[in-house]
Protein chains: 2
Amino acid sequence: MTYKLTYFNFTALGEPIRFLLSYLDIDFEDNRIELEQWPSVKHTMPFGTLPLLEIDGKVLNQSSAICRYLAKKANLAGSDDWESLLIDIAVDNFKDFGQCLKSYWFDPNEESKAARYVTLVNETIPYHMDKFENIVRENNGYFVNGKLSWADLFVVGVLDHLIYRVNVDLLKDRPNLQALREKVLAVPKIKAWIEKRPLSFDIA
Amino acid sequence: MTYKLTYFNFTALGEPIRFLLSYLDIDFEDNRIELEQWPSVKHTMPFGTLPLLEIDGKVLNQSSAICRYLAKKANLAGSDDWESLLIDIAVDNFKDFGQCLKSYWFDPNEESKAARYVTLVNETIPYHMDKFENIVRENNGYFVNGKLSWADLFVVGVLDHLIYRVNVDLLKDRPNLQALREKVLAVPKIKAWIEKRPLSFDIA
C-alpha cells in the first residue's frame, strides 16, 4: 500500500499523523506545501483543508479521523469501546483548545487580537492546560487509563506548533504533561522520526 | 444503567445524542438548561461546555465522541475500520461547517458580522452544502456507503438549529439531502422521539 501525507511544511495537525505512520513503521511520502503555494492549490483539496492522507490513491481529510484509523492498526485506540470513548473525548477537548488559540492567531484585526491575547494568557490557557495536567496526573501519566494511546500522540504532536504560535510555554509548571511529552518522544519509532524529520519554522 | 443528558433547551449538538439514545430505546433524563441559567452553571461543567452525558453518574463531554460511542452500540458506526473512518470524516467535515456558521452568529461586532454574512451566503454555505449534497448523491442517499450511519443522524440532528441560526434554507435545491432528512426522520424510533420531544425556539 502507498501512503502520501499532504500538509504544510510544519508540525501542527500533520504531525500526529506522521507520528502514527512512523509508529506503525509505514513508509510514507511526506508531501509538504509551502504557504506561498497554498492559495493556488487550496481549491484542489476535498474541503479546502489540510492534512490529507492518500492511501493507495484514496483521498482522506480530517486529521483526527485519520489518526483514529491509524491508531486502531497500532492498538492505540483503546482496548474497549469505553476506553476508545475516553480517548476520543481527550482528543476533542484538546482540539477545542487548539481552536481557541487559532482564532487568536488568525485574527486579522490587531486591536481585537491584542484583547484576545490577554484573555488567552490569563484565562483560556491556564483553564485548559491545568485541566489537561490534572487529567494526566489522575491517569498515571497518560491521558487515558495509565497507558499510551493516540490521544497522547495527538497532543504531543500538535503542542510544539501551539507553543510557537502563542509564544507561551504551555508546559511550564505542568510536570505531568512535561513527563508525558518526554515519554512520547522516547517511543523508539517516534524518536527515530523526530531525529530524521525536516526542520520547520515551528520547531527550529 | 442510568442516562442523563444535559444540554440547552434546543436541538443543535444535543439532538444527535437524543436521536441515538432514542434509536437505542434507552430511557434518558433530558435535562435542559435555559440560557439565563448558563452563566451560573457553566463553571461546573468539565470543560465549561455542553452537551454532557452522564452514564451511571460518569460524566462525559464532547458530542461527537459520545455519538460515536452510542453509534457502536446501535451498529451505526461502520461495519469495518475503513467505513468507520469515512463516517468520522463526514461528521468532522460537517462539524467544521457548523463551526464556520457559529463564528458568524456569535460575532459580537455588528459590522464584521454583516460582512461575514455576505461571505457565508455567497461562499461558505454553497461550498460546503454542495459538497455534502454530492457526497450523499454519490453514496446512494446516505453519507457513507449507501446505508444509514451516525453521520446521517448527526447531520440531520444538527441541521434545524443551523438553519434557524443563519436563517437560510440550507436544503433548498439539494434533493439528496432533503431525501436523507426525510429518511432519518422516518426511522421509527426517531419518528417517535420527534413526536414527543419538547418544542424549542429553533424548531418551533
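Every value quoted in this text rests on a predicted model; they were computed, and no experiment measured them.

## Re the overall build of chain A
Scanning chain A for helices and strands turns up eight helices and four strands. Walking chain A from its N terminus toward its C terminus, one meets helices and strands in the order β-α-β-α-β-β-α-α-α-α-α-α. Relative to its length of 204 residues, chain A is compact, with a C-alpha radius of gyration of 17 Å against a globular reference of 17 Å. In terms of overall dimensions, chain A has C-alpha extents of about 45 × 40 × 30 Å along its principal axes. Across the 204 residues of chain A, 51% fall into the buried class. Counting contacts in chain A only where the partners sit at least 6 residues apart, residues at least 24 apart contribute 71% of the total. Carbon and sulfur atoms form 51% of the exposed surface of chain A, whose accessible area is close to 9,300 Å². Separation between the mean location of the 24 positive side-chain charges and that of the 29 negative ones in chain A comes to 2 Å.

## Considerations on the sheet that holds strand β3 (residues 52–55) of chain A
Residue and element names in this part refer to chain A. The strand order across the open sheet formed by four strands is β2-β1-β3-β4, and the pairing between neighbours is mixed. Looking at strand neighbours, the two that pair on one side only are β2 (29–33) and β4 (58–61), the edges of this open sheet. The mean inter-strand angle of the sheet, taken between neighbouring strand axes irrespective of direction, is 20°. Two strands pair when backbone bridges link them, and β3 and β4 are joined in this way by four bridges, in the antiparallel orientation. Each residue of the ladder has a partner; that of L52, found in β4, is N61.

## Remarks on the UniProt feature "domain: GST C-terminal" (unreviewed entry) in chain A
Per the UniProt record, "domain: GST C-terminal" (unreviewed entry) is found at residues 80–202 of chain A. What you have in residues 80–202 of chain A is 75% helix and 0% strand, and the ends, taken at the C-alpha atoms, are 36 Å apart.

## Here's the deal with the confidence of the model for chain A
Scored by pLDDT, chain A comes out at a mean of 97, with 100% of its residues at no less than 70. Listed scores for the predicted complex are pTM 0.97 and ipTM 0.97.

## Topic: a nonpolar patch on the surface
All names here are of chain A. Taken together, the side chains of L35, Y164 and F201 define a hydrophobic patch exposed on the protein surface, amounting to about 280 Å² of accessible area. Mapped onto the secondary structure, L35 falls in the loop between β2 and α2 (38–41). Judged by relative accessible area, which is 44%, L35 ranks as partly exposed.

Each value, and the rule that gives it
Residues numbered from 1 in each chain as written. Chains lettered and ligands numbered in written order. Predicted model: local features only at pLDDT ≥ 70, side-chain atom pairs only at ≥ 80, totals over all residues. Heavy atoms only, no water. Helix = DSSP H or I, 4+ residues; strand = E, 2+ residues; numbered from the N terminus. Rg over C-alpha atoms; globule rule 2.2 N^0.38 Å. Buried < 20%, exposed > 50% of the residue type's maximum accessible area, 1.4 Å probe, protein only. Contact = heavy atoms within 4.5 Å. Areas by Shrake-Rupley, 256 points an atom, 1.4 Å probe, with all protein chains shown as cover. Lys, Arg positive; Asp, Glu negative; His and termini not counted. Charge placed at Lys NZ, Arg CZ, Asp CG, Glu CD. Pairing = 2+ DSSP bridges. Axes fitted to C-alpha atoms, helices over the stretch in contact; angles between N-to-C directions. UniProt positions renumbered as here; feature names shortened; annotations may be inferred. pLDDT = per-residue confidence, 0-100. Patch = residues over 30% accessible without salt bridge, like charges linked within 9 Å, V, L, I, M, F, W, Y side chains within 5 Å. Salt bridge = Lys/Arg side-chain N within 4 Å of Asp/Glu carboxyl O.

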